[in-house]
Amino acid sequence: MRNFYVSIVLLVLIILFASLQTFWSGLVYFALSFLIILCIYWLIVLINQYIVDYYKTFEDDFKIYCNETINSTMLSAKDINDNLSYYRKKYKRSLIRDKILDITKILFIISILVSCVVGMTMV
């Protein structure tokens, strides 16, 4: 919920300063500054979420994956424990699509951030 409130407040400030640029053209710098702050905030949030999802809770998620595999197939817990490295590798492969999507979000925000910084220096 905090992410929603921070985003709304920053978006209102961006829209406010962008719409007031007709009175003074220097207000566009304030709008770009708040857009940079918004991008940095979401970059930190997404990187933190990426680290938590794929590194800190990996073992718990892998256990859930193993339990789902046991329940959906004819395998037993002994079969999975005997080939634990195989199933760990299989689980990592299943995460690739989600990781690529999260990395794409992060790269998109970085591209917006870089374009705002370049826009501020070129104007």
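None of the values given here were measured: they were computed from a predicted structure.

### What about the overall build of the protein chain?
Right, so step 1: In terms of regular secondary structure, the protein chain is built from 6 helices and 0 strands.
Right, so step 2: Reading the protein chain from its N end, one meets helices and strands in the order α-α-α-α-α-α.
Right, so step 3: Its C-alpha atoms give the protein chain a radius of gyration of 22 Å, more than 25% over the compact-globule value 14 Å for 123 residues.
Right, so step 4: Summarising its shape, the C-alpha atoms of the protein chain cover approximately 70 × 30 × 20 Å along the three principal directions.

### Looking at helix α1 (residues 2-19)
Right, so step 1: Its 18 residues place the ends of α1 26 Å apart at the C-alpha level, agreeing with the 26 Å of an ideal helix rising 1.5 Å per residue.
Right, so step 2: Within α1 the residues assigned to the buried category are Ser7, Leu10, Ile14 and Phe17. Down the axis of α1, the sector holding all buried residues measures 105°, keeping them to one side. The outward face of α1, more than 90 degrees from its buried face, is lined by the exposed residues Val12 and Ile15.
Right, so step 3: Buried residues in α1 make contact with α2 (27-56).

### A few points about the pattern of salt bridges
Right, so step 1: Evaluation of the coordinates by the stated rule reveals 3 salt bridges.
Right, so step 2: Between Asp82 and Lys78 there is a salt bridge, and its shortest N-O distance comes to 3.2 Å. Of this pair, Asp82 and Lys78 both sit in helix α4 (residues 77-82), separated by 4 residues, roughly a single helical turn.

### Quick word on helix α3 (residues 58-72)
Right, so step 1: Helix length check: α3 (15 residues) gives 21 Å between terminal C-alpha atoms against 21 Å at 1.5 Å per residue, within 8%.
Right, so step 2: For α3, the set of buried residues is Phe58, Phe62, Tyr65, Cys66 and Thr69. Taken end-on, α3 shows its buried residues confined to a sector of 100°, consistent with a single buried face. Exposed and oriented more than 90 degrees from the buried face of α3 are Lys63 and Asn71.
Right, so step 3: Lining the buried residues of α3 we find α2, α4 and α5 (84-94).

### So, the packing of aromatic side chains
Right, so step 1: Applying the stated criterion across every chain, the model contains 12 aromatic pairs.
Right, so step 2: Ring geometry for Phe58 versus Phe62: centroids 6.3 Å apart, planes at 5°, classification stacked. Highlighted residues: Phe58 and Phe62, both in helix α3, separated by 4 residues, approximately one helical turn. Judged on exposure class, the residue Phe58 and its partner Phe62 are both buried.
Right, so step 3: A ring pair is formed by Phe62 and Tyr65, whose centres lie 6.5 Å apart and whose planes are at 25°; its orientation type is stacked.

How each quantity is defined
Residue indices follow the written sequence of each chain, beginning from 1 at its first position. In keeping with the model being predicted, local features are shown solely for residues with a pLDDT of at least 70 and side-chain atom pairs are shown and tallied solely at 80 or more, while totals for entire chains, interfaces and linings include all residues. Computation of side-chain values: all heavy atoms of the structure, hydrogens and water removed. Under the scheme used here, helices are H or I runs from DSSP no shorter than 4 residues and strands are E runs no shorter than 2 residues, and both carry numbers assigned from the N terminus. Note that the radius of gyration is over C-alpha atoms, with the globule rule given as 2.2 Å times the number of residues to the power 0.38. Under the convention used throughout, the expected extent of a helix is 1.5 Å for every residue step, that is, one less than its residue count. Exposure is judged per residue with a 1.4 Å probe applied to protein chains only, and the accessible area is read against the type maximum: over 50% gives exposed, under 20% gives buried, and values in between give partly exposed. Read the arc as the range of directions from the helix axis to the C-beta atoms. Whether two residues are in contact is decided by their heavy atoms: any pair within 4.5 Å suffices. When a carboxyl oxygen of Asp or Glu lies within 4 Å of a side-chain nitrogen of Lys or Arg, that pair is called a salt bridge. A pair of Phe, Tyr and Trp rings is counted when the ring centres sit within 6.5 Å of each other, with Trp represented by its six-membered ring. The angle between the planes then sorts it: under 30 degrees is stacked, over 60 is edge-to-face, the rest tilted.

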